[in-house]
Each structure stands twice: as C-alpha cells, then as structure tokens.
Amino acid sequence: MFDALANLIVYDLLGLSPETAFGAALQFFVMDIAKIFALLVIVIYVMGLLRALFTPERVRAYVRGKPKWLARILAILLGAVTPFCSCSSVPLFIGFVEAGVPLGVTFSFLIASPMINEVAVVILIGILGWEIALLYVLAGLIVAYIGGVIMDTARSERWVEEYVWKIQMGEVAAAEPDRSLLGRHRYAMGEVREIVRRIWKWIIAGIAIGALFHGYVPEAWVVENLGSGNNWLAVPMAVILGVPLYSNATGVIPVAEAMLGKGVAVGTTLAFMMSVAALSVPELLILRKVVRWPALGLFVVILSAAFILVGWGFNLFIPEEILP
C-alpha cells in the first residue's frame, strides 16, 4: 500500500523515473515517511490502550524480592514477547524506572523488546532458516542480559533524573490512571501526541539518510565494502549505518534479505539489523526524559560493541552453506 502510494506520487504525479538516483531516493523517502509514521502512531496508540495490562506497579510487585539475575531474565522474557519497536518500548521503560524497577533490569527489557519478537522470528526462519533465526535470538538474549549487567556494574542509577527519585519516594504523587476504555483512549492519544512531537524531526532526518543511501550508493560499492566476511570494517560500518535509521525487527527483515541478496555477509547483515532495531536517535531522545547523557552514552557504547562482536562472530563461524 505504501509502496503504491509512493509510486503514484513520485512516478505518476511528479513524472520522475525509477531509473534515476533522485527518483529512487524520493520514492524511498515518501514510502518510508508514510509507512513509519503510520506504524508509529498505531503502535504507540495500541500500546497506550494495553498499558493497563503491563503496569509498572504490577511489574515492580512481581520482581520485588527476587534475585536480580532472575528479575533480569523475567524482564528479558517480557521484552521478547512484547512486539514493540525501540521508541514504543521506551514509555514502558520509563514507567518501570519511575516505579522503582532497577535500572539495569529495565535496560535489559529495553534491549530485548525491539530486537526479539515472535513475528520477527517466524519471518527470520522463512528467510534465513531456523539455524540462523535461533542464533540471532540467542545473541539478542545474551546481549540484553550482559548489557543490563554492565549498566548495573557502572552504577547507572546515579544518572537517573532527580524527579524520578521523588516519584519513587512518594514526594511526587503519580496520578491514578483511568482504567476505563475512554480513559485509556485519552491516555493513548496523549502518548501519540507527546512522542511524535518529540521525535518527528529525527525520524525525517533518519529516513532522508536512508533514502540517500538507497538512491545514490551504487550496488557495486555495497558488495565491495560490505560483501566479504573477511572485511573487518564492514560490521562497524553496518552498525553505524543502522543507528540513524528507525524501524523494528520485523520491518528491517526485508532490508536484511535484500542485503543478503546483494552479497552482504550474514554477520554484517544481522549486525545492521540489530542496530536498526535496538538503537535509534529518536529512542535516545525519549530516554533522555529519565536518564542523563552519560547513561545514554554508555548504553550506545555497550550495544554498538555487542553488535560488532556478534557480527564478527557470525562472519567467522557461520558457514555460507547454512543459508537457504
């Protein structure tokens, strides 16, 4: 639907050719603008309606008294079964922090939620086979667990904003949410307005970068620089390229399939996919609501290093014969 709309606007109404770099880039830009904003609004709204089922207070009550390792595993499992993109996971993350769930545990949830979900796993199996899908899921779970441990070790609670501690100590009364359908509708609409208002500029910038890459970067260059598993710089380049783009694990899988079709190594492709799914500029801007820049910088460094190591590992140890 979005592809057809972009074709109508760019090729039929504007008369541009898909054979030109500008035409291809503009078609990509129009298509992703429509698709990403539509999906973003729908996901945030639906999550707002359903938030009563996953209230931070319930999660805090459930993890209270449990060992931190067990609480972290529970948070990762919760993240794996909530099919949210990185930006739509953040409001739930913020609620967990404000409810007093340990920050390292909540970061494990934030890493797992956008990277792993059942829809993405099914599509991965169909495209790459169950072996690669299983390895990807295991890599995502390990990254989420170790990332949370490192955030704990760094005592990242010292970078939490002051108002959060006041909420936890009861100095700032949290309003009791309206559990009625109308109340949840109003809350969901408020979430849509607030989040879109904060991040729309960055989403457009990210789409523009992706459109320029799509339209102006020659396929031969992609194969030459990202195609070989022996090119050690290819994986860091893929991770850096993925950060400004915005999608979820399911949405980026077709891109990963196209990369593999052009000859990009499997580890490089999956590192790019992880980077797009779990790291984005809009996500970091929303996270800034509850944690300061040092925590965000550490979060980016941990995930970027983990994705690079995962990509190198896949390129070194996964034979090409395993691909379907």
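For clarity, every value in this text was computed on a predicted model and none was experimentally measured.

Caption draft 1: Up close: the packing of helix H4 (residues 68-80) against helix H8 (residues 130-153). The geometry of H4 relative to H8 is characterised by a closest axis approach of 10 Å and an angle of 135° between their N-to-C directions. Taken together, H4 and H8 sit at an angle that is classed as oblique. As for how H4 packs across H8, the hand of that crossing is right-handed. When H4 is examined against H8, the residues Lys68, Trp69, Arg72, Ile73 and Ile76 are found in contact with a partner set consisting of Leu141, Ala144, Tyr145, Gly148, Val149 and Asp152. When the residues that make up the contact of H4 with H8 are grouped by side-chain class, the tally is seven nonpolar, one polar and three charged.

Caption draft 2: Representation of a nonpolar patch on the surface in the model. A contiguous nonpolar patch, built from Ile125, Trp130, Leu134, Leu135, Leu138, Ile142, Ile146 and Ile150 and spanning about 720 Å² of accessible area, is present on the exposed surface. It is H8 that contributes the most residues to the nonpolar patch, seven residues altogether. As for its placement among the helices and strands, Leu134 is situated in helix H8. Exposure remark for Leu134: the relative accessible area of 43% places this residue in the partly exposed category.

Caption draft 3: Molecular detail of the packing of aromatic side chains. Per the stated rule, a full pass over the model turns up two aromatic pairs. Centre to centre, the rings of Phe107 and Phe299 are 5.0 Å apart; their planes meet at 40°, and the pair counts as tilted. With Phe107 in helix H6 (residues 103-115) and Phe299 in helix H16 (residues 293-317), this residue pair connects regions lying 192 residues apart in the sequence. Judged on exposure class, the residue Phe107 and its partner Phe299 are both buried.

Caption draft 4: Just the side chain of Arg72, in detail. With respect to the secondary-structure elements, Arg72 resides in helix H4. Its relative accessible area of 4% is what places Arg72 among the buried residues. Here the side chain of Arg72 touches Ser108 through a polar contact of 3.4 Å, side chain to side chain. Ignoring anything within four residues of it in the chain, the contact list for Arg72 reads Gly104, Val105, Ser108, Tyr145, Gly148, Val149 and Asp152.

Caption draft 5: Representation of the pattern of salt bridges within the structure. For the coordinates displayed, the defined rule picks out two salt bridges. The partner of Asp152 in a salt bridge is Lys68, and the shortest N-O contact between them spans 3.9 Å. On the criterion of sequence distance, the pair formed by Asp152 in helix H8 and Lys68 in helix H4 is long-range, its members being 84 residues apart. On the accessibility criterion, Asp152 (16% relative accessible area) is buried. One salt bridge in this structure joins Arg72 and Asp152, with 2.2 Å as the shortest N-O distance. Note that Arg72 is positioned in helix H4 and Asp152 in helix H8, a separation of 80 residues in sequence. For the pair Arg72 and Asp152, a shared accessibility class is recorded, and that class is buried. A cluster of three or more residues bridged by salt bridges with shared partners is formed by Lys68, Arg72 and Asp152.

About the criteria used
Residues numbered from 1 in each chain as written. Predicted model: local features only at pLDDT ≥ 70, side-chain atom pairs only at ≥ 80, totals over all residues. Heavy atoms only, no water. Axes fitted to C-alpha atoms, helices over the stretch in contact; angles between N-to-C directions. Helix = DSSP H or I, 4+ residues; strand = E, 2+ residues; numbered from the N terminus. Parallel < 35°, antiparallel > 145°, perpendicular 65-115°, else oblique. Left-handed = near helix turned anticlockwise from the far one by under 90°. Contact = heavy atoms within 4.5 Å. Nonpolar A, V, L, I, M, F, W, Y, C, P; charged D, E, K, R; others polar. Patch = residues over 30% accessible without salt bridge, like charges linked within 9 Å, V, L, I, M, F, W, Y side chains within 5 Å. Areas by Shrake-Rupley, 256 points an atom, 1.4 Å probe, with all protein chains shown as cover. Salt bridge = Lys/Arg side-chain N within 4 Å of Asp/Glu carboxyl O. Buried < 20%, exposed > 50% of the residue type's maximum accessible area, 1.4 Å probe, protein only. Phe/Tyr/Trp six-rings, centres within 6.5 Å; stacked < 30°, edge-to-face > 60°. Polar contact = N/O pair within 3.5 Å; in protein donor to acceptor, adjacent residues only side chain to side chain.

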